[in-house]
Structures are given as C-alpha cells and as structure tokens.
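Here is how the chains run, residue by residue.
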Amino acid sequence: MKSILITGGAGFIGNHVVRQFVKKYPNYTIVNLDKLTYAGNLETLSDIEKSDNYHFVKACITDELAMHDIFAKYHITDVIHLAAESHVDRSITDPLVFLRTNILGTANLLNAAKTSWEDYSKHTFYHISTDEVYGSLGDSGLFKETTPYDPRSPYSASKASSDHLVRAYHHTYGMQIKISNCSNNYGPYQFPEKLIPLIINNIVQEKALPVYGDGSNVRDWLYVQDHVEAIDLIFHKGQNGETYNIGGNNEMQNLALVHILCESVDRILGRPQGEAKSRITFVKDRPGHDQRYAIDASKIKKELNWEPVTNVGTGVEKTVQWYLNNKVWLENVTSGAYKTYYEKHYGT
Ligand code: NAD
Ligand code: TYD
C-alpha cells in the first residue's frame, strides 16, 4: 500500500497531480503537504478534499521536525516533490526565499526520507524540476538529459542545486530517485503572475499587456495535463536514478503567443479583433532573461512511450475558456498579498 507525500499540491501543477492520483489510484493514500504561500490555494482542490484517500497538511518543507512527524504519522512510502518558489521575476527581487525553500527545503525532505525509510529499495523520491537548469539556447539546439547544467537566474540556480542534492542522496546513500525537467507549463489554476494567465487576465480587465524586451524570447509550452500524464508514467515506470526531459513540442516566441491570446480572448468575448493587441506594451527586459528554451523529449518517448497530445492552439483555447469561466477563483487568488505585489510592480 502506497502512502505518497505530494509536496506543493495546492500550487498550479501540484493540484493537477494530486487530483489525478487521488481519483485514479483509490488504493493509494495521498498526503498533500503545502505551506500555502501566495501561490498555494486550497480552493483549487475543493472537488476532492473530502475523498477518503486524501489528506492535507499545512507545513513548510524547511521545518525539520514537521517533516519527520509527517513521514511517521502517514507512513510515507514515496515522495513526489513539487513544492518550490517558482517565479523567476520574484527570484530576482527576493533570491533568499528561493534558496531557503528550493535548496534547504529539498535537502530537509531528502533527509526526512533518508532517516524514515529503512529499506530504500521499497521507496522512491521523485523530484519535479525545470529545463531552466540547462541555461539558455541560441537559435538552434535542444536540451537533452545530458546537457551540462548552466543555470542563470536565482530560481534556476536553486532548482539546479536541488537536482544535485537529489542525485547526491542516490549516489551516496542508495536512495531510489527520479528527476524530470520540464518546459513551461500552462493551463487551469496557474497563478496569474506567469505569462499566459497574466495576459489573459489583463486582456479581460482591459489593462496593458507587458511584453519583456522585444518579445523574441522563445519558450516551449507544455499543457499541464500532458505533464501530469508524464509524471504519472515516470513515477510508476521510470528507471531508478534516471532523469527525463518533458517538453510540449510547442516552441513559440513570446510576442507570437501574446498575439494568439489576444485573438482568442477578443473572439470569445465578442470584442472587435485588434482591441487587445492594441494594449501590448513593450517593457524593460528581465535582467539576465534567457533567450530560448527547447526540449528534446525523445528519451521519455522511447522509454515510456509518452508524447504531449495538446498543441498550443487547443491548449490556449481551453485555458482561455477556463479563466473566463472561473473569475471567482481568479479574483480570490489575486486579492491580498499577491495584489500588493502586483500593484508594486505593474501599478493599479
Ligand atoms: P506554484 O508556484 O504554482 O506552486 C508551488 C506550491 O508550493 C504552492 O502551493 C506553494 O504554497 C508551495 N510552497 C512554496 N514554498 C513552500 C514551502 N516552503 N513549503 C511547502 N510548500 C511550499 O508552482 P508550479 O508552477 O506548480 O510548479 C511546481 C513545481 O514544478 C516546482 O518545483 C517548479 O520548480 C516546477 N516547474 C514548474 C514549471 C512551470 O511552468 N510552472 C516548469 C518547470 C518546473
Ligand atoms: P514566465 O511565465 O515568467 O516563465 P519563465 O520565466 O519561467 O519562462 O515567462 C515566460 C516568458 O514570458 C519569459 O520569456 C518572460 C516573458 N514574460 C513577459 O514578456 N511578460 C510578462 O509579464 C511575464 C510574466 C513574462
């Protein structure tokens, strides 16, 4: 019987992972551990919170005693670790919180697992990481699992450190581990500080649409449910000690993506085409802005037969519809702490 600790389950990707595991695997106990920072919201999980196999624990992954207690209380057999500070811009203004949560928090969780688990062959620690650890690409090339690490922001440096720690626990102590490094996720329940939900929200509210620099930076967009299917497969069938890159096969320049979002929201809201586009505002570039991320996902395709099924056209349309249908969720998460942060950076 598995009792899986999923950290960061009240965040964007985590809530989709928790929901899938709670519903698809009724024999597993799922323990969602989350600090509920500005990015974590339990409203997101209201549909499954009463499930018999689901537990929520509010705790910080840097809290040593709390982690040991949780491993003992719930007889944790496996970990899927998603809790992190995840927004690059915030890591530029406040790097230390990223280092504490992403590096020390991961180390603390690894240590709780190390001391709680007796026979490592029966347990797995699965770390969810990012393609940003590989650095920045020029016009060509793809990140492979063997690409040397070259992180450039405090966020990516903290995720690179945590990946190294997970591998260190594997090599030094023999802990069974898996790591996946994925590209930019999008879809329902993403906090509206990241590009896609921020632009949708601003179009709806008839605000300026901030594009950093000249909008030529390229990201590879991965629909969140495709990512969850990959996580499910890697957790169950991935090889011990291995890393898997997960990408969406959807490379796009930021400006082109913003144009698609403008067209989609204007059309669905019945506004004249061109209205949203007229509010695109080129703003000061992010310091150290990585130019291009792109993933070679051939390993996970070959070994686990996984491929993304959602292209940007379909995924953006579904995402826009979701945000337009879930205005209350959006209002709730954008009030309070986030609102103050948002106003400080973008004005009212
Ligand atoms: P998110 O910011 O939406 O959610 C993070 C969650 O972690 C929140 O619920 C927050 O409350 C929780 N958390 C933060 N600090 C914590 C702490 N100290 N203790 C306990 N909980 C804490 O992030 P996300 O977009 O869902 O990303 C999840 C994971 O996937 C992260 O590890 C991130 O690095 C990785 N990732 C995300 C993307 C992406 O595009 N979103 C891409 C690649 C990798
Ligand atoms: P983001 O969603 O922050 O993800 P990441 O930095 O992890 O890739 O940003 C995606 C891209 O969009 C990135 O190149 C920065 C750019 N961007 C803007 O142009 N304007 C914005 O308001 C934001 C938040 C991001």
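Quick look at the structure, then.

What counts as what
- Residues numbered from 1 in each chain as written.
- Chains lettered and ligands numbered in written order.
- Predicted model: local features only at pLDDT ≥ 70, side-chain atom pairs only at ≥ 80, totals over all residues.
- Heavy atoms only, no water.
- Helix = DSSP H or I, 4+ residues; strand = E, 2+ residues; numbered from the N terminus.
- Rg over C-alpha atoms; globule rule 2.2 N^0.38 Å.
- Buried < 20%, exposed > 50% of the residue type's maximum accessible area, 1.4 Å probe, protein only.
- Contact = heavy atoms within 4.5 Å.
- Areas by Shrake-Rupley, 256 points an atom, 1.4 Å probe, with all protein chains shown as cover.
- Near = heavy atom within 4 Å.
- Polar contact = N/O pair within 3.5 Å; in protein donor to acceptor, adjacent residues only side chain to side chain.
- Nonpolar A, V, L, I, M, F, W, Y, C, P; charged D, E, K, R; others polar.
- Expected span 1.5 Å × (residues − 1).
- Pairing = 2+ DSSP bridges.
- Axes fitted to C-alpha atoms, helices over the stretch in contact; angles between N-to-C directions.

**Describing the overall build of the protein**
In step 1: Secondary structure assignment for the protein yields twelve helices and twelve strands.
In step 2: On C-alpha atoms alone, the protein measures out to a radius of gyration of 20 Å, which is about the 20 Å that the 2.2 N^0.38 rule sets for 348 residues.
In step 3: Dimensions of the protein, computed from the C-alpha atoms along their principal axes, are close to 65 × 45 × 40 Å.
In step 4: Expressed as a percentage of its 348 residues, the buried residues of the protein come to 57%.
In step 5: When contacts within the protein are restricted to residue pairs at least 6 apart in sequence, long-range pairs at least 24 apart make up 81% of them.
In step 6: Working note: accessible area of the protein is about 14700 Å², and carbon and sulfur atoms make up 51% of it.

**Observations regarding the site of ligand 1**
In step 1: Taken together, the neighbourhood of ligand 1 is formed by 28 residues, with Ile13, Asp34, Ser86, Tyr155 and Lys159 sitting nearest.
In step 2: With respect to ligand 1, the backbone of Lys35 contributes an N or O atom lying 3.0 Å from a nitrogen atom.
In step 3: Leu36 is positioned with one of its backbone polar atoms (N or O) 3.4 Å from an oxygen atom of ligand 1.
In step 4: When the free accessible area of ligand 1 is taken as 830 Å², the share hidden by the protein chains comes to 97%.
In step 5: In terms of residue count, the dominant contributor to the shell around ligand 1 is strand S5 (residues 124–130) (three residues).
In step 6: Taken together, the residues of the shell around ligand 1 sort by class into 14 nonpolar, eleven polar and three charged.

**Observations concerning the environment of Ser46**
In step 1: Here Ser46 lies in the loop between strand S2 (29–34) and strand S3 (54–58).
In step 2: Residue Ser46 is classed as partly exposed on the basis of its relative accessible area, which comes to 46%.
In step 3: Polar side-chain contacts of Ser46 include one of 3.0 Å to the backbone oxygen of Glu43.

**Considering helix H1 (residues 12–24)**
In step 1: The first and last C-alpha atoms of H1 sit 19 Å apart over 13 residues, in line with the 18 Å expected at 1.5 Å per residue.
In step 2: Of all 13 residues making up H1, eleven are buried, and the element is well covered by its neighbours.
In step 3: Every buried residue of H1 is listed here: Phe12, Ile13, Gly14, Asn15, His16, Val17, Val18, Arg19, Gln20, Phe21 and Val22.
In step 4: Looking at the buried side of H1, the elements it contacts are strand S1 (3–7), S2, S3, strand S4 (78–81), strand S7 (184–186) and helix H7 (224–237).

**Let's talk about the pairing of strand S6 (residues 177–182)**
In step 1: When you tally the buried positions in S6, you get six out of six residues, the bulk of the element.
In step 2: Of the two faces of S6, the one carrying Ile177, Ile179 and Asn181 and the one carrying Lys178, Ser180 and Cys182 are both buried.
In step 3: Across six bridges, the pairing between S5 and S6 is parallel. In the sheet register, Thr130 faces S6, and the bridge partner there is Cys182.

**Considering the site of ligand 2**
In step 1: Around ligand 2 sit 18 residues in total, of which Glu132, Asn184, Arg219, Arg286 and His289 are the nearest.
In step 2: One nitrogen or oxygen atom from the side chain of Arg219 is found 2.7 Å from an oxygen atom belonging to ligand 2.
In step 3: Between ligand 2 and the protein, one listed contact pairs an oxygen atom with a side-chain N or O atom of Asn254 at 2.9 Å.
In step 4: Taking 510 Å² as the accessible area of ligand 2 by itself, protein coverage stands at 98%.
In step 5: Examining the composition of the shell around ligand 2, we find that three residues originate from one element, strand S8 (residues 209–212), more than from any other.
In step 6: Here the residues of the shell around ligand 2 sort into eight nonpolar, five polar and five charged.

**Structural notes on the sheet that holds S1**
Note: strands within a sheet are paired through backbone hydrogen bonds, in either parallel or antiparallel orientation.
In step 1: Pairing is parallel in the open sheet, where seven strands are placed in the order S3-S2-S1-S4-S5-S6-S10. Each of the sheet's edge strands pairs with one partner strand only, and the pair in question is S3 and strand S10 (243–246). Each strand axis lies, on average, 20° off the axis of its neighbour in the sheet, ignoring direction.
In step 2: Pairing of S2 with S3 involves five bridges; the strand directions are parallel. By the bridge assignment for S3, Asn32 is matched with Phe56.
In step 3: Running over the sheet, H7 touches S1, S4, S5, S6 and S10 and is turned about 150° from S5.

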